[in-house]
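Report on the structure
Read off the chains here:
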Amino acid sequence: MKYDKPTLAMFMGALSTVPYEIVTRILMTFGFAKYSVYQLTSFMITLDRPNVILGAIYSIILGCVLSLVFYYALKFLDHDYFIIKSIGISLLNWLTLEVIFMWLIEGRNFIPHRPINDYYSEMIGSIVFGITLGLLFRYYLFKGYKKSAS
């Protein structure tokens, strides 16, 4: 039975946001970070009121878009080293969104400046997102792919 690979890739991106939130939530619980990823992404909508549900919706949309971009980028990047490539694209996305977040929200004093540990927490979570996405792609989306010997 054939299935729609881009839609499956988007579902995997949405699913990959859950471990990302869990890791940042654990870091927040232990006092390492001030906000979880869902709380931070909700600031892009609410500006100064963290809301986990709005943040989850926004993060899932971003995860879907990022995984779709990654899926089509694999046509140019080849299908080897899914995890390393997905970590790279996830960190690039984190960096881009962090710059936008700083410029639009935190830089304009809509929220107080976050502690430096929040940046590390988000970066660690982004790496977890990349690992999860790479594993899901490798085991479910490109399961039958064999590396060609060259």
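The structure contained in this document is the topic of the report that follows.

Examining the overall build of the protein
Check the secondary structure of the protein and you find 5 helices and 0 strands. Ordering the α and β elements of the protein from the N terminus gives α-α-α-α-α. Here the C-alpha atoms of the protein give a radius of gyration of 16 Å, agreeing with the 15 Å that 2.2 N^0.38 yields for 150 residues. The burial tally for the protein puts 42% of its 150 residues in the buried class. In the protein, the share of contacts with a sequence separation of at least 24, taken over all contacts with a separation of at least 6, comes to 66%. The averaged location of the 9 negative side-chain charges in the protein is 9 Å from the averaged location of its 13 positive side-chain charges.

Points about the side chain of S59
Structurally, the position occupied by S59 is in helix α3 (residues 52–77). The class of S59 is buried, set by a relative accessible area of 7%. Discounting chain neighbours no more than four positions away, the residues touching S59 are T17, V37, Y38 and T41.

Some remarks on a nonpolar patch on the surface
On the surface, I45, I53, L54, I57, I61, V65 and V69 cluster together into a nonpolar patch covering about 630 Å² of accessible area. If you tally residues by element for the nonpolar patch, the top one is α3, at 6 residues.

Notes on empty space enclosed by the protein
Which parts of space are left empty comes out when a probe the size of a water molecule is rolled across the atoms. Under the definition given, this model contains 1 cavity of 30 Å³ or more. The computed volume of the largest cavity comes to approximately 310 Å³. Around the largest cavity sit 20 residues that line it, and Y20, V37, T41, L62 and L97 are the ones nearest its centre. Those elements giving two or more residues to the lining of the largest cavity turn out to be α1 (5–29), α2 (37–46), α3, α4 (82–106) and α5 (116–141). The biggest single contributor to the lining of the largest cavity is α4, with 6 residues. Residues of the lining of the largest cavity, tallied by class, amount to 10 nonpolar, 7 polar and 3 charged.

Remarks on the packing of α4 against α5
It is the contact of α4 with α5, at a shortest axis distance of 8 Å, that shows an interaxial angle of 145 degrees. For the element pair α4 and α5, the recorded crossing hand is right-handed. Residue composition of the contact of α4 with α5, by class: 14 nonpolar, 5 polar and 4 charged.

Some points on the nonpolar core
Judged by nonpolar contacts, the single largest core of 19 residues is most densely connected at F137, L141 and F142. Secondary-structure elements contributing two or more residues to this core are α1, α2, α3, α4 and α5. Apart from residues lying up to four places away in sequence, L141 is in contact with Y3, K5, L8, A9, M12, Y71 and L136. Y35, L40, F43 and I105 belong to the second largest nonpolar core, which has 6 residues in total.

Digging into the packing of aromatic side chains
Evaluated as defined, the whole model comprises 8 aromatic pairs. Note on Y71 and F142: the rings are 6.1 Å apart at their centroids and 20 degrees apart in plane angle, and the pair reads as stacked. Here Y71 is found in helix α3, whereas its partner F142 is found in the segment after α5, with 71 residues between them in sequence. For the pair Y71 and F142, a shared accessibility class is recorded, and that class is buried. With a centroid separation of 5.3 Å and 15 degrees between ring planes, the pair formed by F82 and F142 is classed as stacked.

Rules behind the numbers
Residues numbered from 1 in each chain as written. Predicted model: local features only at pLDDT ≥ 70, side-chain atom pairs only at ≥ 80, totals over all residues. Heavy atoms only, no water. Helix = DSSP H or I, 4+ residues; strand = E, 2+ residues; numbered from the N terminus. Rg over C-alpha atoms; globule rule 2.2 N^0.38 Å. Buried < 20%, exposed > 50% of the residue type's maximum accessible area, 1.4 Å probe, protein only. Contact = heavy atoms within 4.5 Å. Lys, Arg positive; Asp, Glu negative; His and termini not counted. Charge placed at Lys NZ, Arg CZ, Asp CG, Glu CD. Patch = residues over 30% accessible without salt bridge, like charges linked within 9 Å, V, L, I, M, F, W, Y side chains within 5 Å. Areas by Shrake-Rupley, 256 points an atom, 1.4 Å probe, with all protein chains shown as cover. Salt bridge = Lys/Arg side-chain N within 4 Å of Asp/Glu carboxyl O. 1 Å grid on protein atoms, 1.4 Å probe; cavity = no way out; pocket = protein on both sides within 12 Å on 5 of 7 lines; lining within 4 Å. Points joined across faces, edges and corners; volume = space filled by probe spheres on them. Nonpolar A, V, L, I, M, F, W, Y, C, P; charged D, E, K, R; others polar. Axes fitted to C-alpha atoms, helices over the stretch in contact; angles between N-to-C directions. Left-handed = near helix turned anticlockwise from the far one by under 90°. Core = buried A, V, L, I, M, F, W, Y, C linked by side-chain atoms within 4.5 Å. Phe/Tyr/Trp six-rings, centres within 6.5 Å; stacked < 30°, edge-to-face > 60°.

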